[in-house]
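Summary of the model geometry
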Amino acid sequence: MDEKAAGTSGGQGGASGERRRKLALLALAFLGFVLVQSFANVESSRADLARAGLVERPAHVWLWELSSVAMWVALLPAIGWLVARIRPPRVAWGWAVLAHAAATVPLSAIHVAGMIAIRLGVYALWGERYRYGGALDRFVYEYRKDAVAYLLLAAFMAVATWWLARREPAPAAREERVLLVPDGNVMHRVPIDAIDWAASAGNYVEIAWSGRTLLHRSTLAALAEELGPGFVRIHRGRIVRASAARRVETDRSGDFVVTLADGTTLRGSRRFRANLG
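Before going into details, it helps to say that this report is about the structure given with it. (Residues numbered from 1 in each chain as written. Predicted model: local features only at pLDDT ≥ 70, side-chain atom pairs only at ≥ 80, totals over all residues. Heavy atoms only, no water.)

1. Side note on the sheet that holds strand β8 (residues 245–250)
- Sheet architecture is open: 3 strands sit in the order β8-β9-β10, paired in antiparallel fashion. The sheet is open, and its two borders are formed by β8 and β10 (265–268), each paired with just one other strand. With strand direction ignored, the average angle separating the axes of adjacent strands in the sheet is 25 degrees. (Pairing = 2+ DSSP bridges. Helix = DSSP H or I, 4+ residues; strand = E, 2+ residues; numbered from the N terminus. Axes fitted to C-alpha atoms, helices over the stretch in contact; angles between N-to-C directions.)

In structure tokens form, the structure reads like this:
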């Protein structure tokens, strides 16, 4: 994932990257459906021919199926255009149904004419002749199947259009955890992830934050519980943010010195050495 990943264009995490992923998934789904359906149709046609006592080359049967598929693929943009413009609530449901029903007639005619042309051309290359009967008879025979095919493709294009236009919900931003520290008339909102260390100071605790120290009325134990597991005790009267530690030097007695990212050094007791790993 590159640096543009969070933007609206470019990068696998951006809007265009998400759209490309969706288009790829739609293409795979469509291809998978076409392959399964084509195989089923070819096998059904071969079984029907066998029952009728007719012998036909498998290549012919596959040509019949694939020429039909090729024409429907060519007609997909037109179907998508119709679906995008003739749909509720843009158009009342009744008019939308009538318009799409009417569209099946010219689209079926184009589909039939196109697949016949493909078959005539391929048969000619094979040195054979394709016989399809009368054009009108062929259209009437194919129209029943074409109406169902149009319905399925229109539904697919409607779902695809909706899914492509649908924006995925943005991941919820992580809420910043803060510690409220009153200081006279001022209330400090101290980001917990910015606190480096804290130490007991009588009835208060000292909190080191961004190069400054604040006094907070609390016990160290109560503060440690409030800050959470990111802070570890290094001394009976001192805790430190574990991620701020950069170096730990242990002396012969087992006591140690912690150096933080800003260069601050803190003494730790051997009893708590294991807390820093």
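2. A look at the pattern of salt bridges
- On inspection of all chains with the given rule, the structure shows 9 salt bridges.
- Arg51 is the salt-bridge partner of Asp48, the closest N and O atoms lying 2.3 Å from each other. Placement of both Asp48 and Arg51 in helix α1 (residues 15–51) is noted, with a separation of 3 residues, approximately one turn of the helix.
- You can call Asp48 partly exposed: its relative accessible area is 43%.
- Residue Arg51 is classed as exposed on the basis of its relative accessible area, which comes to 65%.
- As a salt-bridge pair, Arg57 and Glu128 come within 3.1 Å of each other at their nearest N and O atoms. Taken as a pair, Arg57 in the loop between α1 and α2 (58–85) and Glu128 in the loop between α3 (93–125) and α4 (135–165) lie far apart in primary sequence, 71 residues in all. (Salt bridge = Lys/Arg side-chain N within 4 Å of Asp/Glu carboxyl O. Buried < 20%, exposed > 50% of the residue type's maximum accessible area, 1.4 Å probe, protein only.)

3. Here's the deal with α2
- The terminal C-alpha atoms of α2, which comprises 28 residues, lie 41 Å apart, in line with the 40 Å expected from a rise of 1.5 Å per residue.
- At Leu76, α2 shows its largest kink, close to 40 degrees, and the proline Pro77 lies no more than four residues downstream. (Expected span 1.5 Å × (residues − 1). Bend = angle between axes of the 7 residues up to and from the residue.)

4. What to know about the packing of α2 against α4
- One way to put it is that α2 packs onto α4 with a least axis distance of 9 Å and a crossing angle of 60 degrees. When the axis of α2 is compared with that of α4, the two are oblique. The hand of the α2/α4 crossing is right-handed. Each of Trp72, Leu76, Ile79, Gly80, Leu82 and Val83 in α2 lies in contact with α4, whose residues at this interface are Asp146, Ala149, Tyr150, Leu153, Ala154, Met157 and Ala158.
- Of the residues assigned to the contact of α2 with α4, the class counts are 11 nonpolar, 1 polar and 1 charged. (Parallel < 35°, antiparallel > 145°, perpendicular 65-115°, else oblique. Left-handed = near helix turned anticlockwise from the far one by under 90°. Contact = heavy atoms within 4.5 Å. Nonpolar A, V, L, I, M, F, W, Y, C, P; charged D, E, K, R; others polar.)

5. Some details on the packing of aromatic side chains
- Going through the model one piece at a time under the given rule, you end up with 4 aromatic pairs.
- Between the aromatic rings of Tyr123 and Trp126, the centroid separation amounts to 5.8 Å while the plane-to-plane angle is 50 degrees, which identifies the pairing as tilted.
- Residue classification places Tyr123 among the buried positions, given a relative accessible area of 4%.
- On the numbers, 5.1 Å between centres and 55 degrees between planes, the contact of Tyr123 with Tyr130 is tilted.
- For Arg217, the ring lying beneath its charged end belongs to Tyr204, and the centroid distance is 5.3 Å.
- Cation over ring: Arg273 sits above Phe256, and NZ or CZ is 5.6 Å from the ring centre. (Phe/Tyr/Trp six-rings, centres within 6.5 Å; stacked < 30°, edge-to-face > 60°. Lys NZ or Arg CZ within 6 Å of the ring centre and 35° of its normal.)

6. Digging into the pairing of β10
- Burial along β10 is one-sided: the residues Leu266 and Gly268 are buried and none of Thr265 and Arg267 is.
- As paired strands, strand β9 (residues 256–260) and β10 are joined by 4 bridges and run antiparallel to one another. Paired with Val258 across the bridge in β10 is Leu266.
- The hairpin turn running from β9 into β10, its antiparallel successor, is 4 residues long, and Gly263 in that turn takes a positive phi close to 95 degrees.

7. Digging into the environment of Asp251
- Checked against the element boundaries, Asp251 lands in the loop between β8 and β9.
- Residues Asp251 and Ile118 lie 133 residues apart in sequence; the distance between their C-alpha atoms is 87 Å.

8. Comments concerning the environment of Leu49
- Here Leu49 lies in helix α1.
- Each C-alpha atom of the pair Leu49 and Val61 lies 10.0 Å from the other, and the pair is 12 residues apart in sequence.
- In contact with Leu49, not counting residues within four places along its chain, are Leu54, Glu56, Val61 and Trp64.

9. So, the nonpolar core
- One finds Trp72, Ile79, Leu82, Leu107, Tyr150 and Leu153 to be the most contacted residues of the largest nonpolar core, which totals 18 residues.
- Leaving out residues up to four positions away in the same chain, Ile79 has contacts with Trp72, Leu107, Tyr150, Leu153, Ala154 and Met157.
- Counting 15 residues, the second-largest nonpolar core is a separate cluster that includes Ile195, Ile207, Leu214 and Leu227. (Core = buried A, V, L, I, M, F, W, Y, C linked by side-chain atoms within 4.5 Å.)

10. Re the sheet that holds strand β3 (residues 195–201)
- The strand order across the open sheet formed by 5 strands is β5-β4-β3-β7-β6, and the pairing between neighbours is antiparallel. The open sheet has two free edges, formed respectively by β5 (212–216) and β6 (231–235), since each of these has just one partner strand. This sheet shows a mean twist of 25 degrees between the axes of neighbouring strands, independent of strand direction.
- Across 4 bridges, β6 lies against strand β7 (residues 238–241) in antiparallel orientation. Bridge pairing links Phe231 to Arg241 in β7.
- Each of β3, β4 (204–209), β5, β6 and β7 touches helix α5 (residues 220–227); the most contacted strand, β3, lies at about 160 degrees to it.

Note that all results are geometric; they support no functional claim without further evidence.
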